[in-house]
Amino acid sequence: MSERGESPEGGLRWRTSGSGPSVALLIHGYPFFSALWEAQLAAVPPGWRFIAPDLPGFGDSPPPTRMPMTLDDVADELVLLLEKLGVRRAVVCGLSMGGYVAFRLWARHSARIAGLVLAHTRARPDEPEVRLGRYETASRARAEGVGFLADAMLPRLLSPETFAERPAVVERLRAIIASATVPGVVAALGAMAERPDSTDLLPGIRVPALVIAGAGDAIAPPAEMEGMVAAMPAARFMEIPGVAHVSCMEAPAVFNAALASFLRGLDLT
Ligand code: MLT
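Residues numbered from 1 in each chain as written. Predicted model: local features only at pLDDT ≥ 70, side-chain atom pairs only at ≥ 80, totals over all residues. Heavy atoms only, no water.

Caption draft 1: Seen up close, the overall build of the protein. When its secondary structure is counted, the protein shows 11 helices and 8 strands. The globule rule puts the C-alpha radius of gyration for 269 residues at 18 Å, and the 17 Å found for the protein is close to it. Seen through its principal axes, the protein has C-alpha atoms that stretch 50 × 45 × 40 Å. Restricting to contacts in the protein with at least 6 residues of sequence separation, those with at least 24 account for 77%. When the accessible surface of the protein is totalled, it reaches about 11100 Å², and 55% of it is carbon and sulfur. For the protein, the distance from the average site of its 25 positive side-chain charges to the average site of its 29 negative ones is 4 Å. (Helix = DSSP H or I, 4+ residues; strand = E, 2+ residues; numbered from the N terminus. Rg over C-alpha atoms; globule rule 2.2 N^0.38 Å. Contact = heavy atoms within 4.5 Å. Areas by Shrake-Rupley, 256 points an atom, 1.4 Å probe, with all protein chains shown as cover. Lys, Arg positive; Asp, Glu negative; His and termini not counted. Charge placed at Lys NZ, Arg CZ, Asp CG, Glu CD.)

Caption draft 2: Up close: the pattern of salt bridges. Across all of its chains, the model carries 16 salt bridges by this definition. R66 is the salt-bridge partner of D73, the closest N and O atoms lying 2.6 Å from each other. Linked by salt bridges that have partners in common, D72, D76, R104 and R108 make up one network. (Salt bridge = Lys/Arg side-chain N within 4 Å of Asp/Glu carboxyl O.)

Caption draft 3: Region of interest: unusual backbone geometry. In the segment running from Y30 into P31, the intervening peptide bond is cis, with an omega of -5°. Here P31 shows up in the loop between strand 3 (22-27) and helix 1 (38-41). Omega for the peptide link from M67 to P68 comes to -5°, which places this bond in the cis form. Structurally, the position occupied by P68 is in the loop between strand 4 (48-53) and helix 2 (71-84). The backbone phi angle of S96 is positive, close to 55°, even though this residue is not glycine. Here S96 lies in the loop between strand 5 (90-95) and helix 3 (97-109). By relative accessible area, S96 is classed as buried at 7%. Its identity as a non-glycine residue notwithstanding, H120 has a phi of 50°, on the positive side. (Buried < 20%, exposed > 50% of the residue type's maximum accessible area, 1.4 Å probe, protein only.)

Caption draft 4: The environment of A231, seen in detail. Here A231 lies in helix 9 (residues 222-231). Taking the relative accessible area as the measure of exposure, A231 reaches 32% and is therefore partly exposed. In this structure the C-alpha to C-alpha distance between A231 and V117, which are 114 residues apart in sequence, comes to 15 Å. With sequence-adjacent residues up to four places away left out, A231 is seen in contact with L202 and P203.

Caption draft 5: Here's a closer look at the pairing of strand 8 (residues 235-240). Where strand 7 (residues 209-214) and strand 8 come together, 6 bridges link them in parallel fashion. Bridging from a neighbouring strand, I212 pairs with M238 of strand 8. Crossover strand 7 to strand 8 through helix 9 is right-handed. (Pairing = 2+ DSSP bridges. Right-handed = clockwise from strand over helix to strand, strands pointing away.)

Caption draft 6: Spotlight on the site of the ligand. All residues in the neighbourhood of the ligand are listed as G29, Y30, F32, S96, M97, Y100, R134, M192, I219 and H245. For the ligand, an oxygen atom lies 2.9 Å from a polar atom in the side chain of H245. Burial of the ligand by the protein amounts to 93% of the accessible area it has alone, namely 270 Å². Cavity membership is defined here by more than half of the atoms lying within 2 Å of grid points; on that basis the ligand lies in the largest pocket. Partitioned by chemical class, the residues of the shell around the ligand number 6 nonpolar, 3 polar and 1 charged. (Near = heavy atom within 4 Å. Polar contact = N/O pair within 3.5 Å; in protein donor to acceptor, adjacent residues only side chain to side chain. 1 Å grid on protein atoms, 1.4 Å probe; cavity = no way out; pocket = protein on both sides within 12 Å on 5 of 7 lines; lining within 4 Å. Sits in = over half its atoms within 2 Å of the grid points. Nonpolar A, V, L, I, M, F, W, Y, C, P; charged D, E, K, R; others polar.)

Caption draft 7: Local environment of the side chain of S247. With respect to the helices and strands, S247 occurs in helix 10 (residues 247-250). Among residues more than four places away in sequence, those in contact with S247 are H120, I212, I240, P252 and F255.

See the structure below:
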């Protein structure tokens, strides 16, 4: 069972599970919150503590304090959270937007990172049409709320196999998306649209890294992710069959086994 965390000084909320000297920070994607990691928080390997924050405006976290929000702001807030929880160094695991944030953490606070798990994410910035689409979505969310998001996004987030064989996952992800707030969605869309190119960071990422792609992921295509791995000195690549963009929910057993094996192999001394 995970526990909810909140502190009297405010700031980001989080869930945590497991206990031990080693910490993994699980950063959710857009437009989700820490519940994305329910299956991981339920299966924390011995000796590890998993901390899953809610990013600004998602889950129980307050909206961003500054608009427009940048992913650098988010990275800095996560460091404040780690400090508050007494964590000096952690393995950072980011899914999609969580991976974009992980790159900003690396750019600004690399000494805090003991290893990286990059799931369904990209180092490249948005193509112009993707950026434009984000601003259109933000305008629509401001005008009518976020009720349209789940139907608009689910077909790209989940594979045909997940739709056919795991209806509970489809409904859980729908509920997670439905809980998003307009300020969180608008802030995240702007931050993703304006994120810098992280490609130049890749050769300098010398900590061990696991890069996880979904065979049916059109948002973070496996071939592009494999290209990231080729540029990283200590990364390994895995592609999960039968999933699209959210393998931690679509194939939790496979995801958890890969994560546990990666964490076991780290030398954190
Ligand atoms: C996510 O899952 O975080 C989003 O799909 C990322 C994106 O839209 O680029």
